[in-house]
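A closer look at the structure
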Amino acid sequence: MKFVYLFKEGNASMRNLLGGKGANLAEMTNLGLPIPQGFTVTTDACNDYYKNNKTLSDEVINQVFDALHNLEEIQGKKFGDNSDPLLVSVRSGAPASMPGMMDTILNLGLNDIAVEAFANKTNNPRFAYDSYRRFIQMYSDVVMEVPKSYFEKIIDEVKSIKGVKYDTELTVDDLKELVVRFKNIYKENMNGEEFPQNPNEQLMGAIKAVFRSWDNPRAIVYRRMNEIPSSLGTAVNVQAMVFGNMGNTSGTGVAFTRNPSNGEKGVFGEYLINAQGEDVVAGVRTPQPITKLKEDLPECYEEFVRLATLLENHYKDMQDMEFTIQEGKLYFLQTRNGKRTAPAAIKIACDLVDEGMITKEEALLRIDAKSLDQLLHPTFDKEALNEAKQIGKALPASPGAAAGYVVFNAERAKELGKGGKGDRVVLVRLETTPEDIEGMVASQGILTVRGGMTSHAAVVARGMGTCCVSGCGEIIIDEDKKEFTLGGITYHEGDYISLDGTTGTIYDGDVKTKDATLEGDFGRIMSWADEVRTLGVRANADNPRDTKKALELGAEGIGLCRTEHMFFDEDRIPKIREMILADTKEAREKALDELIPFQKSDFKAMFKVLKGLPLTVRYLDPPLHEFLPKTEDEMIKLANDMNVNLETLKNKCSELHEFNPMMGHRGCRLAITYPEIAVMQTKALIEAAIEIYKEDGVMVEPEIMIPLVGEVKELDFVKKIVVDTAEEIKKNEGVNIKYTIGTMIEIPRACVVADEIAKKAEFFSFGTNDLTQLTYGFSRDDASKFLNSYYDNNILESDPFARIDEVGVGSLVRMAVEKGKSVRPNIKLGICGEHGGDPTSVDFCHRAGLTYVSCSPYRIPIARLSAAQAAIKAKGNK
Ligand code: PEP
Ligand code: MG
C-alpha cells in the first residue's frame, strides 16, 4: 500500500487520501506554482496508526524515509546536515478543512549542531537561534505535551530582566540562553530525557503527534459541529521550510481572492514583513493590509496577484492562500476554497455565474445550506460582541441573536415584552410548557435550564424564528424567588443578558444586535434552487403569522399544523382542561363545543393566508398532562371555573399522571378514548372550509392527519368518526368540500405495516421526531443529557434528533415508502419531523423518494436549497 506521496505525485482529486492541503499542494505543484517541495503522509496512514494502537507501522516509516531522501535530492540539502541542513515543517491536513484544530511544527531538523550551521549559512545567528528556540517550544508542546506556558513564562522572565518589550528585541545571546533553558524544561518534564537531537526521531515524533491531534478535544468538537466523520483521518504534510523572517525583503501573509465577509471581488488579506506565519496569527504585531505589499515589494505583489487569479480561475472559487516571501522570492504554502459568511457565499456564487466561471447548478452546490440561517435572523454587532462577557454555553436550539432583560414567567414576558409594554425581554425558564407560548412570542429570546433540541421550547422557538438556547444545566434557578445564577453572576428580573441561538453562547449584559438584510442575490439563488429541486417544501405552522412568514420564505403550503398549539392561549386552555377533567361525555362535549369557534376561526385565518395552498391539519396529539394545571393558583382557578371541589380536582389530576407520557395517552389514542375530540376538530375544520368557500369563493381541500398510528384499525376507527362528521356537515350545508385523510408515520410498527395502513391512508407524513425517539428508545426531551458521552466515545457522531439516522430510522422510512407505494403507487409522502429542515436529512428524503419536506418557517430557504442540492447530486451520481 502506498502511504506517502511526493507533492509531484498527487493532484486535487486526491483529497480524501492526501487531505485538502496535501491535494492542493500537489495540484499547485502540477500548475508550476512556486511551492516549497515536500510530501504527504496519507489519511490511510493515519487510520493505520490508530489501527496499530497509535504506532507507525514499518511500512509507513520506510516510505517516509524514502520520500525524505527524494526531498533531499530535490532541495539539494540533507536532513541533519552539519553545514547546510534541510529544515521542514510538519502540518496536518484533513480532507475537510478544520482550520486551527490540529497541530503544526515548524523548523524541524534543527539541533545543537545544525543550528550553528544554519547560523553560518544564513549569516544570521539571531535568526537561527530564534528558529531553534521556537522549534523546541513547538515540539515540546505538540509532540510531548509539555505546556506552552512553561516556555512563555521564561521568555517573559528574560525580557523583563533585559528590560525589553518585544521578542524581536532579544539578542543572539539572549536567544542562546533561551535555548538552554528551554531544553532544561524539556528534560525536567520528560523524566531526565534530553531534547531529541536526531532529526529522524524528531520527524517521526511530529508525524505521530499530528495523527494524535486528530483526536484532540477541539478537533472532535469541531468535527461534530461541522458533521465531519471521524473515520476520515488526517494526512500529514512534510514540506521544506521557507522563511519569512529573514529580513526586510522577507515576509508572510494570508490572503483571499475575494472578501470573505461580503464577497467583494479583489485580493483581500494581511501580511507582515520579516515574520513567520505564527506571528500573524498570534497577534504580537499588527499585520498590514496586503495592498501595502505593493509599496514594500511591488514585484512580489504583482506576482502574488497574478498567481492568486490563476488559482481562482483554476479552482473556479474564491481562494484562501498562505504565502511566504523569502529574500524577495514568493512561495505559496497553501490554497483552499475560502470559508465565507453566508452573505459572501451568496454574492460570490452569483458573481461567479455572471462572470461565466460556473453554472447555476455549481453555484447552488457552493452554498452551505445551513448557513442561510445567518441571513434570516438578527445578529450581534461584531464589535459589541468582542467586548461582551460570556457567562455560559448550552444547546443552540433556535438561531439568531437576542438581548433583553430577564423575566421568569410567561405572564411577565407578555406584560413587559412585545405586544405589552414593548420592552426587550429574555424569558428564562427551568423548562417551557405549552402555556408559555404567548410569553415566548413576546420575548426576544428564550433560555431554558432543561430540554434538548426537540424540546418544546426549541421546536416552538424555531417555528417562530425566535432565538433560543436550551438545556443550560449550569444555571441555578429559583423561579419563585425570580433569580438565577450563571457564570458566577446572579440575575434578577430586569437584569440584561444576551443569547446567541446560533452558537448557544450566553452573555452578560445588553449586547447590541442588528437586523438581517436579505440581499438581492439571495432571491436569485432561491429561484435557481426552485428550478432544479423535485422535492416540495412546506412549513410546519399553526397560526396565520407563521404561515405568512413561511409563504414569504417560499413554502408551498403547510405540511404540519399542530392543532394543540391552538389551545395554549389563555382563553382556550381552561376549556381544554375542563374537557380533560370532565367526568362525563356530556361535560366533555360542552367544553369542546366552546372550543369550536376558536378552532374554526384559526383554520379560517390560515386558509385566508394560504389562498388555496395545501394545509395539513394534524389532530390533537400531545400527552394530556401537558395541558394540566401545575401550580396551586392554576388549580384553584380551574376548580372555581369548573365549579368543583379543589381536592377532587387534584385527585383527578393525579389520576391522569402517567409514568411515560410520551408513550401514553396521546396521539390517535385520545380520539379513540374521546371520539368527541375528533368530532369537534372535524366540525371546526370542515365548517371553516365551507365558510371560506362561501365568503371568498376559494375551494380548499384540507388534509386531515391522524397522529401516532401503529395499527391500521386505529386509523380506521378515527377515520370513520371524521368521515361521518364531515359528510353530515357537507350534506347539511350543501357544499361539497373535498378532503383527504392520512396519517403520521411515527411509530416503528407503522413502518412495518405501512402497506396495511396505506389501504386506508391517502397520504403519509413521517414524524421523525417520534420515530427517532421510539426507534432508538431515546427520550426526545432528555437525550441531550447523555448524548454528549455518546459523541465523546464515538458511539454517535451527531444528534439523531437533528440529523436523520439513515441506517436505522432511515431504513424504516424506506420500508414504509416501499410498502405504501406497493398499495397506493401515487401516495403523497411527506416528512414533518425536525429533520425536514436539516440539509443531510433533506438529501436522504430526496433519495428515499418522498414528495415533500416540511419544516419550521425560518428553515424554508435551507430546505429549498438542500432539496436543490440533493437533486443535483443525485443527477451527478446517475
Ligand atoms: C414528529 O413526531 O416528528 C412530529 C412531527 O410530531 P410532534 O413533534 O408534534 O410529536
Ligand atoms: Mg410526533
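For the structure, see preceding data.
Quick notes on the overall build of the protein chain
Scanning the protein chain for helices and strands turns up 35 helices and 33 strands. Taken over the C-alpha atoms alone, the protein chain extends approximately 100 × 60 × 50 Å along its principal axes. Here the protein chain holds 878 residues, and the buried ones make up 56% of them. Taken as a whole, the protein chain presents about 35800 Å² of accessible surface, with 49% of it coming from carbon and sulfur.

A word on the coordination of the magnesium ion (ligand 2)
For the magnesium ion (ligand 2), the protein coordination sphere consists of E746 (OE) and D770 (OD), at 2.0 to 2.1 Å. In this pair, E746 is assigned in the loop between β30 (740-745) and α29 (748-752) and D770 in helix α31 (residues 768-776), connecting sequence segments 24 residues apart. Accessibility assignment for this pair places E746 and D770 in one class, buried.

Side note on the pattern of salt bridges
Note that side chains of opposite charge can pair when their charged atoms are close. Applying the stated rule across the entire model yields 76 salt bridges. One salt bridge connects R412 with E415, and the closest N-O pair in it is separated by 2.6 Å. Residue R412 and its partner E415 are both found in helix α17 (residues 410-416); the two are separated by three residues, about one turn of the helix. The class of E415 is partly exposed, set by a relative accessible area of 46%. A salt bridge links R588 to E676, with the shortest nitrogen-to-oxygen separation between them at 2.6 Å. With R588 in helix α23 (residues 585-610) and E676 in helix α27 (residues 675-696), this pair connects stretches of sequence that are 88 residues apart. Residues R588 and E676 agree in their burial class; the two are buried. One salt-bridge network, in which partners are shared between bridges, spans K600, K604, K608, E687, E691, E695 and D696.

Observations concerning the side chain of K719
Looking at the element boundaries, K719 is found in helix α28 (residues 712-733). It turns out K719 is buried and unbridged, and the closest side chain with the opposite charge, E762, is 4.9 Å from it. Every residue in contact with K719, bar those within four places of it in the chain, is listed here: I741 and K760.

So, unusual backbone geometry
At K54, a position not held by glycine, the phi torsion is positive, near 60°. Looking at where K54 falls in the secondary structure, it is placed in the loop between α2 (43-51) and α3 (58-75). Phi is positive for K611, close to 45°, though the residue is something other than glycine.

Description of the environment of I862
Structurally, I862 is set in helix α35 (residues 860-877). Spatially, the C-alpha atom of I862 lies 20 Å from that of G504, the residues being 358 residues apart in sequence. Among residues more than four places away in sequence, those in contact with I862 are A369, K370, L372, D373, G837 and P839.

Some points on the site of ligand 1
Taken together, the neighbourhood of ligand 1 is formed by 14 residues, with R562, G767, N769, D770 and R780 sitting nearest. In the model, an oxygen atom of ligand 1 is placed 2.7 Å from a nitrogen or oxygen of the R562 side chain. Between N769 and ligand 1, the recorded distance is 2.7 Å, taken from a backbone N or O atom to an oxygen atom. Look at ligand 1: alone it shows 280 Å² of surface, and the protein chains cover 96% of it. Of all elements in the fold, only β27 (558-562) and α31 reach the threshold of two or more residues within the shell around ligand 1. In terms of residue count, the dominant contributor to the shell around ligand 1 is α31 (three residues).

What counts and how
- Residue numbers here run from 1 along each chain, matching the order of that chain's written sequence.
- Lettering of chains starts at A and numbering of ligands starts at 1, both following the order in which they are written.
- Since the coordinates come from a predicted model, pLDDT governs what is reported: local features require at least 70, and pairs of side-chain atoms require 80 or more to be given and counted, while whole-chain, interface and lining totals use all residues.
- By convention in this description, side-chain values take in all heavy atoms of the structure and omit both hydrogens and water.
- For the purposes of this entry, the term helix denotes a DSSP run of H or I that reaches at least four residues, the term strand denotes a run of E that reaches at least two, and both are numbered from the N terminus.
- Only protein chains enter the accessibility calculation, which uses a 1.4 Å probe; a residue whose area is less than 20% of its type maximum is buried, one above 50% is exposed, and one in between is partly exposed.
- Areas reported here follow the Shrake-Rupley algorithm with a probe of radius 1.4 Å; residue values treat only the protein chains shown as occluding.
- Each metal's donors comprise the N, O and S atoms found within 2.8 Å of it (within 3.2 Å for Na, K or Ca). Water is not part of the atom list, so some coordination spheres may appear incomplete.
- What makes a salt bridge here is a side-chain nitrogen of Lys or Arg within 4 Å of a carboxyl oxygen of Asp or Glu, nothing more.
- Under the counting rule used here, the positive set is Lys and Arg, the negative set is Asp and Glu, and His together with the chain ends is not counted.
- Residues count as neighbours in contact if any of their non-hydrogen atoms are within 4.5 Å of one another.
- One heavy atom within 4 Å of a molecule or strand makes the whole residue count as near it.
- N or O atoms within 3.5 Å of each other form a polar contact, as long as, within protein, one can give a hydrogen and the other can take it, and as long as residues adjacent in sequence are counted only when both atoms are side-chain atoms.

So yeah, pure geometry; function would need other evidence.
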